[in-house]
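# Fold and geometry: a report
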Amino acid sequence: MFVLPLAAMALFASCEKDGNPGEEIPNGGFQELVPEKPDYINAEFIYHGDDGMGDSDWWELTLCTDMEMVSTSTPVAGTGPGQAIYFTLNAKKNEAAEADLSFVAGKYGSQSNSGDFSAGTFVQGYIYSIEIPGGEIEIPDGTYFADFADGSTDYNPDLLREGDFTITVNEDGTCTVEGVLVGTEYLKRYFSYTGTPKVTDKSGENGSDNTPNSSLTGDITLPQFTKARLIDRKDTYTWDQSNRAFALYLAEEGIDLSGEWPSGTGKVMRIEFFVSWDTDVAEGIPAGTYTMAYQYPDGGIPKDEIVPFRIAPGYPDKFQYFTGTWYIDLEGGEWTEYARISGGSVTVGRNGDAHTLSISLEDCSNPAYKVSGSWTTDGPIGL
């Protein structure tokens, strides 16, 4: 499962807030708006199985009002208006690896950090930004609320991050889901459902069962890269401004680095460094030796590993919207050879704005193959 595993996707118009948690009244007072309580009558649980943590399983849950749905993520156009809540759950471990609702029953609270997949937590809502030709789209993931307008499949997601809820399996075979969550819209999202949900078992469909995370058949010596771009990913791993992540792309001449993900033809090295929060990306990467952070099997990183002078390993089973550290050889935008990097170190030397990188990394194969080389720039790294 990804640091925050990919739940059902839907494209939407924007992330801007379109509501207000309350309104001012005379004499400086404040009146809280009466919270909406949608009538959720449909529910689906999806079981993905072991999330790699050893003590929890990955489930998804969708609650929605009376709408015809194309899937658990998108209503059929014209059938709205309506509302839906999408949950990504870390449930109790089921050693039998079966979609048994008794294992998802219990109380759920928010994660302590992005690497926390302990049983009884829900994955907090977040956004993917994806570059496409001519523009950008954004996709919500984790746990979030959607309000669909009449005749439209667009919505402004409320990324839910605080609160708690309970899931109860009743003696008559029905299931009850009830609680209150608050997100980026600062509104209380009340939800209550009792009924017989649809249950889908997708535990055999995880990417790690089918696609290797490295195609290398031997050690790799990196070429003399001619392009570079440094991206400030801010506190995408911790959400609390305790540390910052810089993603460095090194590429050959035929690679386009103008988007979030590289395109074109040539070799690319992506290295994601953890630095202190007060580091300015315009000043480059601080000098020092950066070692690979520990990574859980599902891709999460413990918070005490998200500290300066660590490197983020490549996130497993993500070959399109990848994060962390990767080596990729592209041909017309298609991956011809690649490696998820999970070991090794990078030493950064500085002489003013100039950088010298000594790269000694390893892929995720067993035994691991080496990905090594050096790179030098006479001035600042491009942003």
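Notes on the structure in this doc start here. Here the structure is a predicted model, which is why all the values come from computation and not from measurement.

The rules behind each value
- Residues numbered from 1 in each chain as written.
- Predicted model: local features only at pLDDT ≥ 70, side-chain atom pairs only at ≥ 80, totals over all residues.
- Heavy atoms only, no water.
- Phe/Tyr/Trp six-rings, centres within 6.5 Å; stacked < 30°, edge-to-face > 60°.
- Helix = DSSP H or I, 4+ residues; strand = E, 2+ residues; numbered from the N terminus.
- Buried < 20%, exposed > 50% of the residue type's maximum accessible area, 1.4 Å probe, protein only.
- Pairing = 2+ DSSP bridges.
- Core = buried A, V, L, I, M, F, W, Y, C linked by side-chain atoms within 4.5 Å.
- Contact = heavy atoms within 4.5 Å.
- Salt bridge = Lys/Arg side-chain N within 4 Å of Asp/Glu carboxyl O.

### Some thoughts on the packing of aromatic side chains
- This model, assessed by the stated rule, comprises 17 aromatic pairs.
- Between Tyr 47 and Trp 59, the aromatic rings sit 4.9 Å apart at their centres with planes inclined by 50°, giving tilted as the arrangement. You can see Tyr 47 sitting in strand E3 (residues 42–50) and its partner Trp 59 sitting in strand E4 (residues 56–64), a full 12 residues away along the chain. Of the two residues, Tyr 47 and Trp 59, neither departs from the other in class, the shared state being buried.
- Centroid distance Phe 87 to Phe 191: 5.3 Å. Interplanar angle 65°. Geometry classified as edge-to-face. Placement of the pair is Phe 87 in strand E5 (residues 82–92) and Phe 191 in strand E13 (residues 188–195), with a sequence separation of 104 residues.
- The class for Phe 87 is buried, based on a relative accessible area of 1%.
- On the accessibility criterion, Phe 191 (2% relative accessible area) is buried.
- Here the aromatic residues Phe 87, Tyr 108, Phe 122, Phe 165 and Phe 191 are joined through ring pairs into a cluster of three or more.

### Describing the pairing of strand E12 (residues 175–183)
- Bridge count for strand E11 (residues 158–169) against E12 is nine bridges, and the pairing is antiparallel. Of the residues in E12, the one forming a bridge with Phe 165 is Gly 179.
- Here E11 folds back onto E12, and the loop between the two strands holds five residues, one of which, Gly 173, carries a positive phi near 95°.
- Judged from the eight bridges that link them, E12 and E13 form a sheet pairing that is antiparallel.

### Some thoughts on the nonpolar core
- Met 269, Phe 273, Val 346, Leu 361 and Val 371 are the most contacted members of the largest nonpolar core, which totals 28 residues.
- Counting residues per element, the ones that place at least two in this core are strand E17 (243–251), strand E20 (266–276), strand E21 (288–292), strand E24 (334–351), strand E25 (354–363) and strand E26 (370–377).
- The residues touching Leu 361, leaving out its near neighbours within four places in the chain, are Met 269, Met 292, Ile 311, Thr 325, Ile 341, Gly 343, Gly 344, Ser 345, Val 346, Tyr 369, Lys 370 and Val 371.
- Ranked by size, the runner-up nonpolar core spans 24 residues in total, among them Leu 63, Val 104, Phe 122 and Tyr 193.

### Quick notes on the pattern of salt bridges
- This structure, assessed with the given rule, holds eight salt bridges.
- Notably, a salt bridge pairs Arg 189 with Asp 158, separated by 2.9 Å at the nearest N-O pair. Here Arg 189 is found in strand E13, whereas its partner Asp 158 is found in strand E11, with 31 residues between them in sequence. Each member of the pair, Arg 189 together with Asp 158, is buried.
- We note a salt bridge from Arg 244 to Asp 232, for which the minimum N-O separation is 2.8 Å. Of this pair, Arg 244 sits in strand E17 while Asp 232 is found in strand E16 (residues 227–232), placing the two residues 12 residues apart along the sequence.
- In this structure Asp 232 comes out as partly exposed when scored by relative accessible area, which is 24%.

### Description of unusual backbone geometry
- In this chain, Asn 366 is followed by Pro 367 through a cis amide linkage whose omega measures 0°.
- Mapped onto the fold, Pro 367 is located in the loop between E25 and E26.
- Of note in this structure, Tyr 186 is not a glycine but carries a positive phi near 60°.
- In this model, Lys 234 sits at a positive phi of 55°, which is unusual for a non-glycine residue.
- You can see Lys 234 is positioned in the loop between E16 and E17.

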